[in-house]
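Here are the chains, one letter per residue:
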Amino acid sequence: MLDIKLIRENPSLVKENIKKKFQEHKLPLIDEVIKLDEESRKVKQKADDLRAKRNELSEQVRWAYA
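Residues numbered from 1 in each chain as written. Predicted model: local features only at pLDDT ≥ 70, side-chain atom pairs only at ≥ 80, totals over all residues. Heavy atoms only, no water.

## Remarks on the overall build of the protein
Which entries qualify depends on this criterion: Numbering of helices and strands runs from the N terminus; a helix is a DSSP stretch of H or I covering at least four residues, while a strand is a stretch of E covering at least two. Within these notes, the globule rule equals 2.2 Å times the number of residues to the 0.38 power, and the radius of gyration is based on C-alpha atoms.
Regarding its fold elements, the protein presents three helices and zero strands. Along the chain direction, N to C, the helices and strands of the protein fall in the order α-α-α. Here the protein has a C-alpha radius of gyration of 20 Å; the compact-globule value for 66 residues is 11 Å, and the former is much larger. Along the first, second and third principal axes, the C-alpha atoms of the protein reach 65 × 15 × 15 Å.

Structure, rendered in structure tokens:
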């Protein structure tokens, strides 16, 4: 199994190794993995932002009723 960090940072190296193993049919998968990784990272960042906002609002509510 390949590390996502390796694929993210060195896609050309990964593709070259795939070619050396004569498995060219797997090349499009690298681009798909990179795309899905980017989407996943964006969604995780949005979730983190929303959690931070929720925590901020919870704190405001807590102080409003204290």
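## Examining the nonpolar core
Filter applied, for reference: We call a set of buried residues a nonpolar core when its members are Ala, Val, Leu, Ile, Met, Phe, Trp, Tyr or Cys and they connect through side-chain atoms within 4.5 Å of each other. Three exposure classes are used, based on accessible area relative to the maximum for each residue type with a 1.4 Å probe and protein chains only: buried under 20%, partly exposed in between, and exposed over 50%.
By size, the foremost hydrophobic cluster in this structure holds six residues: I7, V14, I18, L27, I30 and I34. Of all the secondary-structure elements, those providing two or more residues to this core are α2 (11-20) and α3 (27-64). By residue number, the principal contributor to this core is α3, which donates three residues.

## Some thoughts on unusual backbone geometry
You will see that F22, though not glycine, has its phi angle at about 55°, which is positive. Looking at the secondary structure, you find F22 in the loop between α2 and α3.

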